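# Summary of structural features
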Amino acid sequence: MGRKILKNMDWGVLLCIVILLTIGLVALFSATQNSDYVEFKRQLIWLAVSIPIMIMLIFMDYKTISKISPILYILILISLIAVLFTKSVNGATSWFTIGGISIQPAEFAKIIVIIALATYISRIQENGRDQISRPTRLLISLLIVAVPVLLIIKQPDYGTACTFVVATIFILFASGIKKRYIITGILLTVIIIPTLYFFVLPEHAKTRIDVFLNPNLDPRGAGYNVIQSKLAIGAGEFLGMGILKGNQTQLGFLYPKSTDFIFAVIGEEMGFVVAATVIITYVILITKSIYIAKTAKDNLGSYIAIGIAGILLFHFTENIGMTMGLLPITGVPLPFVSYGGSSLLTNLMMIGLLLNISGRRQKAIFVD
């Protein structure tokens, strides 16, 4: 079975990950030279831990993981509740700190919730594909996602919460949900977004949106980071200023340069060529993820793969968009590139699942 998986596996996905990890490590090495490369060294350790777990997930039948998804779902909910009582870091209670190691439950929640939702939908569709369009079934599907999302918003972590929304939309669309629900969802979104802005979002979140629309409203405050990021990307021009030589990066104007604004480091020091390579690699990776969903051997594999594609798409567009001033700043990391142990581990686990599903694929079952 192992040889068959390796033979059928989409090796192009793995190549994309190697490219992104390599560029990310080079950028992180440069971004952390003034801090004795602490984050770079930690990222290497997390990478060494994550790769064996990814390999294990490639060969473990994803149906086995699906069977224990209810238990995993309950455990992650407990973690999301418990983390609310931890010490606040930068205004958010999102991390457990154990022996100097920070673990973010919300990152692991992404993959667990996707599997739980995919499991539920695939099981109810055993009695007919239109089961998902029944109001009660659809409501339960939305509740599976809504509970962890509300807990993550409570932290607060709006960027990660949005990731769940995008992944859910992808899964529901792939499951064949009726068009009336899609239209209703779009109309509700149009109504809810202004309502959230005026009555729900805290002042700092509103400020981020206002500054996104006009960074010069507060160039030394809320607009500072995005202005410095745009200056860094522009300064890189075609071939970049060179590793360890970026002005905004090395002089401390770009912050946080190892996480949220790592793409700006790439743009400044490696130039348009490498920055474009990163974007093209993500496009290929997401396209391949969608193809894996289309050719999965069953609904379960298809929904897990399309959910992962949704997560990757949101992180890719939001992170790069915010560094260019095209989208509001949300603190969403760039997968496989930004510093972050929980993020790296979770992302490589998702890749392990993608390769797992691609290694077992047989025929297309995607909704027309």
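Conventions and cut-offs
- Residue indices follow the written sequence of each chain, beginning from 1 at its first position.
- Per-residue local features are limited, in this predicted model, to residues with pLDDT of at least 70; the limit for side-chain atom pairs, both in listing and counting, is 80 or more; totals at the level of whole chains, interfaces and linings are taken over all residues.
- Side-chain figures throughout are based on the complete set of non-hydrogen atoms in the structure, without hydrogens or water.
- Only DSSP runs of H or I covering at least 4 residues are called helices, and only runs of E covering at least 2 are called strands; the numbering of each starts at the N terminus.
- For this measure, only C-alpha atoms enter the radius of gyration; the expected value for a globule follows 2.2 Å times N^0.38, where N is the number of residues.
- Note on classification: 1.4 Å probe, protein chains only; a residue is buried when its accessible area is under 20% of the maximum for its type, exposed when over 50%, partly exposed between these limits.
- Whether two residues are in contact is decided by their heavy atoms: any pair within 4.5 Å suffices.
- Surface accessibility in these figures is a Shrake-Rupley result with a 1.4 Å probe; residues are shielded only by whichever protein chains are displayed.
- Charge convention: Lys and Arg are scored as positive, Asp and Glu as negative, and His as well as the terminal groups of each chain are ignored.
- Lys charges are placed at NZ, Arg charges at CZ, Asp charges at CG and Glu charges at CD.
- All axes are obtained by fitting lines to C-alpha atoms, using only the stretch in contact for helices, and the reported angles, taken between N-to-C directions, cover 0 to 180 degrees.
- Small angles under 35 degrees read as roughly parallel and large ones over 145 as roughly antiparallel, with 65 to 115 read as roughly perpendicular and the rest as oblique.
- It is the rotation of the near helix from the far one that decides the hand of a crossing: anticlockwise by less than a right angle makes it left-handed, clockwise makes it right-handed.
- Note on residue categories: nonpolar means Ala, Val, Leu, Ile, Met, Phe, Trp, Tyr, Cys or Pro, charged means Asp, Glu, Lys or Arg, and polar means any other residue, Gly included.
- By definition, pLDDT measures how confident the predictor is in each residue, and it falls between 0 and 100.
- The definition of a polar contact used here is a pair of N or O atoms within 3.5 Å, where within protein one atom must be able to donate a hydrogen and the other to accept one, and adjacent residues in sequence count solely through side-chain atom pairs.

## Here we look at the overall build of the protein
Each helix and strand counted, the protein has 15 helices and 2 strands in total. Its C-alpha atoms give the protein a radius of gyration of 20 Å, within 12% of the compact-globule value 21 Å for 368 residues. Across its three principal directions, the C-alpha atoms of the protein cover 60 × 55 × 40 Å. Looking at the protein as a whole, 50% of its 368 residues qualify as buried. Taking the intrachain contacts of the protein between residues at least 6 apart in sequence as the baseline, contacts between residues at least 24 apart amount to 75%. In the form shown here, the protein has an accessible surface area of approximately 17,300 Å², with 69% of it arising from carbon and sulfur atoms. Side chains of the protein carry 29 positive and 18 negative charges; the gap between the two charge centres is 11 Å.

## Remarks on the packing of helix α2 (residues 11–31) against helix α13 (residues 262–295)
Working note: a packed helix pair is described by the angle between its axes plus the distance between those axes. Contact geometry of α2 with α13 gives a least axis separation of 9 Å together with a crossing angle of 155°. Considering the angle they form, α2 stands roughly antiparallel to α13. In this structure, the crossing between α2 and α13 has a hand that is left-handed. Across the contact of α2 with α13, the residue classes tally to 20 nonpolar, 4 polar and 2 charged.

## A look at the confidence of the model for the protein
Summing up the model confidence of the protein, the mean pLDDT is 89 and the portion of residues at 70 or higher is 96%. Note on residues 363–368: pLDDT under 50 across the span, and 20 contacts to partners over four residues away in sequence or across chains.

## A look at the side chain of Glu107
Residue placement: Glu107 occurs in helix α6 (residues 105–124). A polar contact is formed between the side chain of Glu107 and the side chain of Lys110, at a distance of 2.9 Å. The contacts of Glu107, once residues within four sequence positions are left out, are Pro333, Ser342, Ser343 and Thr346.

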